[in-house]
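The chain contents come next:
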Amino acid sequence: MLWLYIDFPSLQLDCLQGDTPVSTVTERNYSNDQAIVIVDSKKNCIVQLNESARAKGIQQGMGLGMAVSLTHELCVVPYQMAEEEAYLLTLAEQLYSVTASIALFPPHGLALKVGDMLQLYQHLTAYIKTINTVLSSFNLKTNLACDYSVMSAQLLACAGVNLITTDQNIMSKKSACLSIEQLFITDKAKNSLARLGIKTLAQLQALPVKELTKRLDSTTMEYLAQLKGQTDKSLQFYQPKHLFEHSVELLYEMINLDLLLQPIKQLLALLEVFLLRRDYVCLQLEFHLYHRIDGISHVLQQSLVINSATGEYLSAQWLKLVSLKLSSIKLLAPITKVNLLVQHFQSNTGEINDIFLGKRGQLSFAQLASLLANKLGNEKVLRLQQGNDHRAELASCYRPFINCSTNKVDRNNNNTGKTISKKIDARHTDSSATYSVDKQLLRPSFILAEPELLLSNIRVLHGPERISTAWWEQSKDKATIQSFNGEATDGNEPIAEHGYQRDYFVAKNTQGQCCWVYRELNNQWYIHGYFS
């Protein structure tokens, strides 16, 4: 089986340089040719470095003290294997759309099973071109090597040998030239081979297996068998996640919110690709902002939740909402890492537009509400909602337009009026019985905030209709009115100030207005609303 191994020798460094906007470097008085090194704190040596650092004499494997002595303008970033593995998963996710079987070799390697994909791409050149097209947007340094053994392909790629071929003889010749120091075996095994005078892989493979077994441990022998393809290695294949989570580690601390939009923009671009491939939209984004302590670990400083009243997948639309949200907050500490998490998705059903509505604005009603909610806060953008209560003052209430708990908005809000009017027209048919029932359920178009004393003469047109508080509501009111002070209960329903029993009438006053009035038990009359 033919394998393609992709090695990313400076994955963390390349991702850092790609995520850092030029304006940030300028603000921090750094130039674009700044020497940057990634230092492994456990070994106290440099594991990754850019071309500027290499030009100043710094080499991979060099100690930090020696590197600092060569140049005083050196940007040092701690090596983090977890971050590099997260970047590797991001690359595997992007490649998964063009190739099937992807084996993970953390922290900076991927092995692609080519044999199954050649039936689709017909030729290895077309397959490699597709892979490079996906990776080109990340601006990463890569080494690609093919072999019929996945471990041999890994050895060639990590040695810097770029080999794209299906000829097994060429593969064998390239592998034979590799030195023993490039093998993934222990230092003890390398020393044993060096004492035998073995310097290349060709010399090692020429020795009898029985002789090698006497001098090398079982793990090394198993590795050598895997290089020849005699035994298979247990591989961990990539499995797509059911959520979207990506992080960007910043090269410099950011305190400017405008500059923070640049890495956020890159995260949103990845999210857009993720949603488009699955035909999804999302209603909520979670941003986690981290600050580095002790120069190594990250600590969560702030979390931002961005809501949308309508499902969005375009990064440009989400960027507008994020910009509005950032304009209303203050950073608690300089930011060194940004994480984006999306856990819930919906199918992209699209919007149904009426061609007879004529020309409309660029923003839909839900998009406008989303902009206002992220600028002013969810509690500032409200909508009128029908309440689950037969009492007039509780029959409707104001709720946040975007419900953060479910993050759902009634997509049929615009059609509610049409639906109700159709139901009313349907009820007002020739049936006199239906009409008589409707008259008993008449409700005014305008409800007063507080009932007012009735001070003028009226002429009763219809009634009475008795409305009273249910017995369970009365007991609930007495038990909770003092503790809750009239606020919403756990069920998000307003609590009445007191229980009552009223007789409602439809009446006309001396000014010809059609009113909704009621009489209490003490024969006191009040006006509660007006009919249109």
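The rules behind each value
- Residues numbered from 1 in each chain as written.
- Predicted model: local features only at pLDDT ≥ 70, side-chain atom pairs only at ≥ 80, totals over all residues.
- Heavy atoms only, no water.
- Core = buried A, V, L, I, M, F, W, Y, C linked by side-chain atoms within 4.5 Å.
- Buried < 20%, exposed > 50% of the residue type's maximum accessible area, 1.4 Å probe, protein only.
- Contact = heavy atoms within 4.5 Å.
- Pairing = 2+ DSSP bridges.
- Helix = DSSP H or I, 4+ residues; strand = E, 2+ residues; numbered from the N terminus.
- 1 Å grid on protein atoms, 1.4 Å probe; cavity = no way out; pocket = protein on both sides within 12 Å on 5 of 7 lines; lining within 4 Å.
- Points joined across faces, edges and corners; volume = space filled by probe spheres on them.
- Nonpolar A, V, L, I, M, F, W, Y, C, P; charged D, E, K, R; others polar.
- Expected span 1.5 Å × (residues − 1).
- Phe/Tyr/Trp six-rings, centres within 6.5 Å; stacked < 30°, edge-to-face > 60°.
- Lys NZ or Arg CZ within 6 Å of the ring centre and 35° of its normal.

Trainee: Can you explain the nonpolar core? Please cite residues and give values.
Mentor: Grouped together as the largest cluster of nonpolar side chains are 59 residues, with contacts concentrated most on Leu4, Ile6, Phe8, Leu110, Tyr127, Leu183 and Leu204. Apart from the residues lying within four places of it in its own chain, the contact partners of leucine 110 are Leu4, Tyr5, Ile6, Phe8, Leu88, Leu91, Ala92, Leu95, Ile102, Ala103 and Leu104.

Trainee: Now, about the sheet that holds strand 1 (residues 3-7): what can you tell me, with residues and values included?
Mentor: Strand order in the open sheet made by the 5 strands is 7-1-6-5-8, with antiparallel pairing throughout. Two strands in the sheet have a free side with no partner beyond their single neighbour: strand 7 (143-147) and strand 8 (236-237). Where strand 1 and strand 6 (residues 109-113) come together, 5 bridges link them in antiparallel fashion. Along strand 6, the bridge assignment pairs aspartate 7 with glycine 109.

Trainee: Before we move on, can you summarise the layout of surface pockets with the specific residues and values?
Mentor: Within this model, the second largest pocket holds a volume of roughly 1200 Å³. Counting residues per element, the ones that place at least two in the lining of the second largest pocket are strand 1, strand 3 (45-49), helix 3 (51-55), helix 5 (81-95) and helix 8 (150-158). For the lining of the second largest pocket, the element with the most residues is strand 3, which contributes 5 residues. For the lining of the second largest pocket, the residue count by class is 17 nonpolar, 10 polar and 8 charged.

Trainee: Break down helix 5 for me, with residues and values.
Mentor: In this model, helix 5 (15 residues) spans 21 Å end to end at C-alpha, consistent with the 21 Å of a helix rising 1.5 Å per residue. Within helix 5 the residues assigned to the buried category are Glu83, Glu84, Tyr87, Leu88, Thr90, Leu91, Ala92, Glu93, Gln94 and Leu95.

Trainee: Lay out the packing of aromatic side chains with the relevant residues and their values.
Mentor: When we look at a pair of aromatic rings, we describe it by the centre distance and by the angle of the planes. Summed over the entire model, instances satisfying the criterion amount to 10 aromatic pairs. With a centroid separation of 5.5 Å and 70° between ring planes, the pair formed by tyrosine 96 and tyrosine 238 is classed as edge-to-face. Separated by 142 residues along the polypeptide, tyrosine 96 in the loop between helix 5 and strand 5 (102-105) and tyrosine 238 in the loop between strand 8 and strand 9 (244-254) bring together distant segments of the chain. Note on tyrosine 504 and tryptophan 516: the rings are 4.2 Å apart at their centroids and 25° apart in plane angle, and the pair reads as stacked. On the criterion of sequence distance, the pair formed by tyrosine 504 in strand 18 (residues 501-509) and tryptophan 516 in strand 19 (residues 514-519) is long-range, its members being 12 residues apart. Given the relative accessible area of 2%, tyrosine 504 is considered buried. An aromatic cluster is present here, built from Phe244, Phe274, Tyr280 and Phe345 joined pairwise through their rings. We note arginine 278 situated over the ring of phenylalanine 274; from NZ or CZ to the ring centre the distance is 3.7 Å. The positively charged end of lysine 337 is found above the aromatic ring belonging to tyrosine 290, 5.0 Å away from the centroid.

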